[in-house]
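# Examining the three-dimensional arrangement
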Amino acid sequence: MHESSTQIPIKKGQRFADALGRKDGEIVAARFNGSLFDLSSISPSDGTFEPVNVHSKDGMRILRHSAAHLMAQATLQIYPKARLNAGPPTEDGFYYDIMMDPISSEDLGNIEKAMKKLAEENIPIVREEKSKDDLLRLFHDNPFKIDKIRDNVPDGSKSSIYVQGNFKDFCTGPHVPSTGYLKNVKLLSLASTNYKGDEKREKLVRIYGTVFPSDKELKDYLKMREEALKRDHRKVGQEMDLFVFSSERAPGFPLYTPNGTIIRNELIAFMHELNARNGWQDVSTPHIFTDTMWKQSGHYAKYKDNMYTFEFKDGTGYAVKPMNCPGHITIFEREPHSYRDLPVKYSEPGQVYRYEKSGEVGGLTRPRTFTIDDGHGFMRADQLVDEIKSIIEMTRETFRLLGESKLDFELSVMDEDQPENYLIEYVCQKCGTVFHARKVAGEGELQCPSCGSDEISPDLSKWKEATESLRTALKESGIVYEELKGEAAFYGPKIDVHVADAIGRKWQCSTIQVDFMMPINFNLQYVNQAGKKENLVMLHRAVFGSYERFMAILIENFAGNLPTWISPMQVFIAPVSEKYLEYSEKVLADMLKKGIRAHLDRGTDTLNKKLKMIRSKRPSYIVVVGERELESGNITVRNRKNEQKEMTVSGFMDAISMEIRERSPVQAI
RNA sequence: GCCACUGUAGCUCAGCAGGGAGAGCAGCUGAUUCGUAAUCAGCAGGUCGGGGGUUCAAAUCCCUCCAGUGGCUCCA
């Protein structure tokens, strides 16, 4: 991205465009005193401004926001009855939400055509200041805009609209100077959404598109998008024969083939070692528990609709587990714990089942059963920071498996203005009882469970302490993170790590959650130094997140060309002809004996054909055996970069074994 | 769950203004015994997602259900 820091002097009352002097199609706005202005705007005072290049982050946002307006203009031309809601820029394009009759992807072409025509006409985009009353009058036939004007413009003050030809939109801008800047647009997809994300509100059509400063950049982007689709784990998984879905027998439930199971097992083995090194003990729990447990844990109250439940013929209610924590708690509870024992940390590859609504299921990133590398730590509050730091370090080590990958850390904290969303500690002012509760909307005021008084006051100190522990751990680990207010789980604050897939969608992988609820629900305590029982804190953590989702990201990250240690086919042996089968069998047997996942092609195809056909299975190394090798007793090895080398069998096996042992992301040969 | 699109052989896809269900690859058989991204020939393979309707006749038109894809909502 192009970031400039050139400063240009400007006088009060002068237009930015005039001060800029030269005509430069790359400059789309001006930054003055930290705010963005249209080039056609007048400077409010003397000073200097920075020209905003279209290739800068702000420049692209302005370009895309302007393209959203252009799309709205074109849409209104074709569908005059349409009503616009909002059209912001996104990370790689823009969208506009519009209330209109559903349209099809063919209609998108027409809108795009109309947009290009308007861009060709190079219509000036003009900002106009209007009073609130004028705004309400101008947009009287659009309830969404009226809402926005009422919400955002204080009485008696002014705001702006942007006008291009016969089109106007309520908007603070800034925008590019004219529609001519928006020639390289492409409409990408259609979706539906509801006003304010509320499914009870109006249904809107969302049209996605993108725009670039030049035709070449647009073409490059579209090409990149196409390439990304080829890396989709569902496609690669099919080619490599890793998993299957049976839409009739198990919709949304992945079944792993032998190849896929190899990847899964390697990941599980990695996590087993990482856990052991960090003091997490392996446990194993059943998939089904009686409903008494789910009632106690609170899962029934909140998630019963998303759980697979059934009643056995003896009348007992059961549920397939949607989470592993109650199981781990059941193990923890088996004996009393001294403060000296803590932390106690249990982990397991715990397979859970959650009913995801039909439109939400998809591939391995959102299946209906998945296996969490689930860990539950039982500890004292003073141990939180160190334990969280340790998990953060585990996260870093784990994601190094992907080579270069960008991790987004998020800290989700409570919104203190909405205490009803959280489980909070309350103190009764009358009798002094301390209790935990979650205010439920519409259920009236909370009362003290022992004296019935409603003179109770919330005590947020535990929440604050937990949040501060997470913050401290992040800071001391040197992590740059984003803090999201109101995103905390109802039982505690959390850290989430997001990783992007092939098409740029962000998926939550690692998570570290402080939990107040479970220790209360299950009355989990330890005996302190004074011999008194004390509440403990629970830490839920997953490093991969789920094996399914991590596998998807792993596949997409490497486009299926996995590091050798986790590659289902580490070596593919291709004899030049059947004459060399006997020698090939010997080479294969040697490798299998060493634990190398080698596969021999015993078919009668030509060498060319064998190599062509195995391509989609993405073997780490290809070994060719023919007359030369038979005579020398060697093999010819070809790596992923298509580099060839003749080696002794033992030399190759030593090198690849080392590579596998080290879980190296790069090839040794 | 909501909106749009899609569903034909193991895979990729053609056929769809109604009238014989097709191709390439994979598979099987035979010939070829081959040096780094497809040797040749033959054979076999399908309830056209399921159900209902319109029609003399439906893969094709209509309705409905299911599933998949992209979004929205949700994601303990």
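What you see is a predicted model; the values in this text were computed from it and never measured.

This paragraph deals with the protein's contact with RNA strand B. Taken together, 56 residues surround RNA strand B, and among them Lys203, Ser358, Glu578, Arg615 and Glu627 come closest. Considering RNA strand B, the proportion of its atoms within 4 Å of the protein that are sugar or phosphate atoms stands at 52%. Taking Ser577, its side chain carries an N or O atom lying 3.4 Å from a base oxygen of RNA strand B. The contact in question runs from a base oxygen of RNA strand B to an N or O atom on the backbone of Arg628, over 2.7 Å. Every element with two or more residues in the surface near RNA strand B is listed here: strand S10 (185-194), strand S11 (203-211), helix H7 (233-240), strand S13 (250-256), helix H10 (299-303), helix H17 (607-614), helix H18 (627-632) and strand S33 (634-638). Residue composition of the surface near RNA strand B, grouped by class: 16 nonpolar, 22 polar and 18 charged.

What follows is about the environment of Asp241. Its location among the elements puts Asp241 in the loop between H7 and strand S12 (243-246). With relative accessibility at 35%, the residue Asp241 sits in the partly exposed group. Residues Asp241 and Pro568, spaced 327 residues apart in sequence, show a C-alpha to C-alpha distance of 9.8 Å.

Let us now look at the environment of Met99. Considering the arrangement of structural elements, one finds Met99 in strand S6 (residues 94-99). With 95 residues separating them along the chain, Met99 and Asn194 place their C-alpha atoms 9.3 Å apart.

Domains assigned within chain A are domain 1 (8-23 + 30-48), domain 2 (57-218), domain 3 (250-285 + 321-416 + 460-557) and domain 4 (564-661). One C-alpha centre belongs to domain 1, the other to domain 3; they are set 51 Å apart.

Counted under the stated rule, the structure contains two cavities of 30 Å³ or more. Of the pockets and cavities examined, the largest cavity occupies roughly 50 Å³. As for the largest cavity, its lining consists of Leu423, Ile424, Glu425, His436, Asp459, Lys462, Trp463 and Phe516. Put simply, the parts of the chain that give the lining of the largest cavity at least two residues each are strand S21 (424-428) and helix H13 (461-476). Of the residues that constitute the lining of the largest cavity, the class distribution is four nonpolar, one polar and three charged.

A few words now on the side chain of Asn634. By the secondary structure assignment, Asn634 is in strand S33. Given the relative accessible area of 17%, Asn634 is considered buried. There is a polar contact of 3.3 Å between the side chain of Asn634 and the side chain of Glu646. With sequence-adjacent residues up to four places away left out, Asn634 is seen in contact with Tyr583, Glu629, Glu646, Met647 and Thr648.

A cluster of nonpolar residues, Ile288, Phe310 and Phe312, forms a patch on the protein surface that exposes about 260 Å² of accessible area. With respect to the secondary-structure elements, Ile288 resides in strand S15 (residues 288-290).

All right, on to the packing of helix H12 (residues 384-399) against H13 then. Relative orientation of the contacting elements H12 and H13 amounts to 50°, with a least axis distance of 9 Å. What the angle tells us is that H12 and H13 run oblique. You can see that H12 and H13 cross each other, and the crossing is right-handed. Mapping the contact onto sequence places Leu384, Val385, Ile388, Lys389 and Ile392 in H12 and Ser469, Leu470, Thr472, Ala473, Leu474 and Glu476 in H13. In the contact of H12 with H13, the residues fall into seven nonpolar, two polar and two charged.

Turning to H17, its buried residues are Lys610, Leu611 and Ile614. Relative to the axis of H17, the buried residues are bounded by an arc of 95° and lie together on one face. Away from the buried face of H17 by more than 90 degrees, exposed residues Asn608 and Lys612 are located. Check the buried side of H17 and you find it contacts strand S30 (571-575), strand S32 (621-625) and S33.

This part is about the sheet that holds S6. Across the sheet, four strands lie side by side as S5-S6-S11-S10; this open sheet has antiparallel pairing. A single partner strand is all that each edge strand has here, and the edge strands are strand S5 (83-84) and S10. Helix-sheet contacts for helix H6 (residues 215-230) involve S10 and S11, and the interaxial angle to S10 is about 55°.

On to the nonpolar core, then. Among the nonpolar cores identified, the biggest contains 87 residues, and Ile388, Ile495, Val571, Ile573, Met591, Ile635 and Phe652 are the most heavily contacted of them. Looking at which domains feed residues into this core, each of domain 3 (250-285 + 321-416 + 460-557) and domain 4 (564-661) gives three or more. The residues contacting Ile573, other than those within four sequence positions of it, are Ser584, Val587, Leu588, Met591, Ala598, His599, Leu600, Asp601, Val623 and Val625. Core analysis: the second largest hydrophobic core is formed by 42 residues, Leu84, Cys171, Val176 and Tyr181 among them.

This model, assessed by the stated rule, comprises 38 salt bridges. Two residues, Glu483 and Arg471, come together in a salt bridge whose shortest N-O distance is 2.7 Å. Placement of Glu483 in strand S24 (residues 481-485) and of Arg471 in helix H13 is noted, with a sequence separation of twelve residues between them. Note that Arg505 and Asp501 form a salt bridge whose closest N and O atoms lie 3.1 Å from each other. A relative accessible area of 38% places Arg505 in the partly exposed class. Salt bridges sharing common partners tie together Arg31, Glu50 and Asp58.

Right, let's get into the layout of surface pockets. Empty space left among the atoms is revealed by rolling a probe the size of a water molecule over them. The space that makes up the largest pocket amounts to roughly 1200 Å³. Lining the largest pocket are 33 residues; nearest its centre among them are Asp92, Asp501, Ile503, Gly504 and Arg505. Of all the elements in the fold, those that place two or more residues in the lining of the largest pocket are S10, S11, H6, strand S25 (494-500) and helix H15 (547-558). A total of six residues in the lining of the largest pocket trace back to one element, the largest contributor, which is H6. Residues belonging to the lining of the largest pocket are distributed by class as follows: twelve nonpolar, eight polar and 13 charged. Here the lining of the largest pocket spans two domains, and each of domain 2 (57-218) and domain 3 (250-285 + 321-416 + 460-557) adds at least three residues to it. Lining the second largest pocket we find 36 residues, and of these Met323, Arg354, Phe370, Gln508 and Gln513 sit closest to its centre.

What counts, and at which threshold
Residues numbered from 1 in each chain as written. Chains lettered and ligands numbered in written order. Predicted model: local features only at pLDDT ≥ 70, side-chain atom pairs only at ≥ 80, totals over all residues. Heavy atoms only, no water. Near = heavy atom within 4 Å. Polar contact = N/O pair within 3.5 Å; in protein donor to acceptor, adjacent residues only side chain to side chain. Helix = DSSP H or I, 4+ residues; strand = E, 2+ residues; numbered from the N terminus. Nonpolar A, V, L, I, M, F, W, Y, C, P; charged D, E, K, R; others polar. Buried < 20%, exposed > 50% of the residue type's maximum accessible area, 1.4 Å probe, protein only. Domains from an automatic or database assignment. 1 Å grid on protein atoms, 1.4 Å probe; cavity = no way out; pocket = protein on both sides within 12 Å on 5 of 7 lines; lining within 4 Å. Points joined across faces, edges and corners; volume = space filled by probe spheres on them. Contact = heavy atoms within 4.5 Å. Patch = residues over 30% accessible without salt bridge, like charges linked within 9 Å, V, L, I, M, F, W, Y side chains within 5 Å. Areas by Shrake-Rupley, 256 points an atom, 1.4 Å probe, with all protein chains shown as cover. Salt bridge = Lys/Arg side-chain N within 4 Å of Asp/Glu carboxyl O. Axes fitted to C-alpha atoms, helices over the stretch in contact; angles between N-to-C directions. Parallel < 35°, antiparallel > 145°, perpendicular 65-115°, else oblique. Left-handed = near helix turned anticlockwise from the far one by under 90°. Arc of directions from axis to C-beta. Pairing = 2+ DSSP bridges. Core = buried A, V, L, I, M, F, W, Y, C linked by side-chain atoms within 4.5 Å.

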